[in-house]
There are 2 protein chains.
Amino acid sequence: MQIINMSEMNVEVARKKLAELLKKKKLRSTVERSAILDEALATEGHFEADDLLAILKTKGVKTSRATIYRTLELLCDLGFLRKVCFREAHLHFQKITDEPRREHLICTNCGAQIEVQLPQIAEINQRLCAESDFRMTDYCFNIFGICSKCAKGNE
Amino acid sequence: MQIINMSEMNVEVARKKLAELLKKKKLRSTVERSAILDEALATEGHFEADDLLAILKTKGVKTSRATIYRTLELLCDLGFLRKVCFREAHLHFQKITDEPRREHLICTNCGAQIEVQLPQIAEINQRLCAESDFRMTDYCFNIFGICSKCAKGNE
DNA sequence: TTGATTGCAAATCCTTTGCAGGGAA
DNA sequence: TTCCCTGCAAAGGATTTGCAATCAA
C-alpha cells in the first residue's frame, strides 16, 4: 500500500494515476473502476460501500454491490482510499481495569498483535475532551501494517 | 457508563457489584448474567461474543447466543467491559490526502462527530513502528462518549 | 402475580464468493 | 483470443428481533 497525495488532484489526474497504477499491476482499466474512483474522491469525509452504490445509481451509473466492494478494496491497495473503523459491528470485548491500557499494532498479513503501552494517549484524550466539552466513555486506537516477520518473509 | 476498577476484583466482589448495579437500575439478577460476567472477567485480553458462548458451553453453562449479546451490551453499560474495535467488519472509507488527518469524537447518543487534528499521533505512530520494526499502512483512533448537547439534554 | 429475561428461530445487515457471460488488452 | 472483470444470486458470518415460555422479585 502506497500513499498518494490527493489534496490537489482533480478527476483527470486521478484517472490517469489509476490507469497507470493498474497497468503497473497488470490489472485492467474499466469504466466501473473509474466511476467508483471518481465518486469516492468527490465525497467529502467518509462513506460506506452502500452509500457509494446508491449515489452511483442516482447518477445513472450501473454497477453491482460486489463490484463496489471489490473495487474499494482495490482502491485501498492502490493508495487512493483508507479504511476508517468506527465501532459498529463485529466487536471484541475486554474487561476494564485500572492497569494502563494497551494498544495494538496489528499485522494485516499474519494477524499478529503487538501490544504497546501509550501513556500519552490518556493525556491527549483528556485535553481533547476538555476542549470540546465531551464526556469520554471509551476510545479505540489501533495501528495496522506489516510486522517485521512478514516483511522479511516477503522479501 | 461508569468506570469500575477491576484490577483486584475477585469473582465474589464482581458478583456483588453486579447485583448492586442491577438493583440500582431496577434490572434483575440472573444466573446467566452472573455466569457471563464471571467468564468475561476470567478472560485475559479480548474475546468475542461467540468465544464466550463456546467457553460457557464447555463448562456446562447453558445459555443462548442472544443472551450473550444482550448481556455483553449490558456489562458494557454497567462499566465491567469495554468494546474494542479491530478493523474487521462494516467499514467506512475516506480518501487519502496530504492534509493532516482528523480524528473523531463520536457521540454514542446522537451520533454527532466532532473532528479534531492531532499532530502528535503521527509522531507516536512513527516511534512505535520504529521500536517494533513495524511498517504501518494505516491506523484508527476514535474517542467515544457523550457530546455536550446530549449531556445537557439528559440533565 | 407481574413483567423482566430467556431461548429459539427467523430476520437482518454487511460482506464475500462461485460462476457464467462480457469486455479490455 | 485470452482471461480479467463484472453482475447476479447464493452463501456467509455476526448481530438483532419477535414471541412464547420461564423465572426473579
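Residues numbered from 1 in each chain as written. Chains lettered and ligands numbered in written order. Predicted model: local features only at pLDDT ≥ 70, side-chain atom pairs only at ≥ 80, totals over all residues. Heavy atoms only, no water.

## Some points on the protein's contact with DNA strand C
So, step 1. The environment of DNA strand C is formed by 19 residues, the closest being R28(A), Y69(A), R28(B), R33(B) and T67(B).
So, step 2. The sugar and phosphate moieties of DNA strand C supply 65% of its atoms located within 4 Å of the protein.
So, step 3. In the model, a phosphate oxygen of DNA strand C is placed 2.8 Å from a nitrogen or oxygen of the R33(B) side chain.
So, step 4. Contact between DNA strand C and R70(B): a base nitrogen at 2.9 Å from a side-chain N or O atom of the residue.
So, step 5. For the surface near DNA strand C, the secondary-structure elements that each account for two or more residues are α4 (65-77) of chain A together with α2 (31-42) and α4 (65-77) of chain B.
So, step 6. Among the elements that line the surface near DNA strand C, the one with the most residues is α4(A), at 4 residues.
So, step 7. Its residues assigned to classes, the surface near DNA strand C shows 5 nonpolar, 6 polar and 8 charged. (Near = heavy atom within 4 Å. Polar contact = N/O pair within 3.5 Å; in protein donor to acceptor, adjacent residues only side chain to side chain. Helix = DSSP H or I, 4+ residues; strand = E, 2+ residues; numbered from the N terminus. Nonpolar A, V, L, I, M, F, W, Y, C, P; charged D, E, K, R; others polar.)

## What about unusual backbone geometry?
So, step 1. One non-glycine residue with positive phi stands out, namely D133(A), at about 55 degrees.
So, step 2. If you trace the backbone, D133(A) turns up in the loop between α5 (119-132) and β6 (135-146).
So, step 3. Of note, K26(B) is a non-glycine position whose phi angle comes to about 60 degrees, a positive value.
So, step 4. By the secondary structure assignment, K26(B) is in the loop between α1 (11-24) and α2.

## Brief notes about the sheet that holds strand β4 (residues 102-107) of chain A
So, step 1. Ordered by their spatial adjacency, 6 strands build an open sheet running β5(A)-β4(A)-β6(A)-β6(B)-β4(B)-β5(B), and the pairing between neighbours is mixed. Each edge of the open sheet is held by one strand with a lone partner, namely β5 (113-117) of chain A together with β5 (113-117) of chain B. On average, adjacent strands in this sheet sit at an angle of 25 degrees to one another, irrespective of strand direction.
So, step 2. Bridge count for β4(A) against β6(A) is 4 bridges, and the pairing is parallel. Bridge pairing links H104(A) to N142(A) in β6(A). (Pairing = 2+ DSSP bridges. Axes fitted to C-alpha atoms, helices over the stretch in contact; angles between N-to-C directions.)

## So, the packing of helix α2 (residues 31-42) of chain A against helix α3 (residues 49-58) of chain A
Residue and element names in this part refer to chain A.
So, step 1. In contact at an axis separation of 10 Å, α2 and α3 are set at 110 degrees when each is read in the N-to-C sense. In terms of their interaxial angle, α2 and α3 are classed as roughly perpendicular. Contacts from A35, I36, E39 and A40 of α2 reach α3 at L52, I55 and L56.
So, step 2. Tallied by class, residues from the contact of α2 with α3 come to 6 nonpolar, no polar and 1 charged. (Parallel < 35°, antiparallel > 145°, perpendicular 65-115°, else oblique. Contact = heavy atoms within 4.5 Å.)

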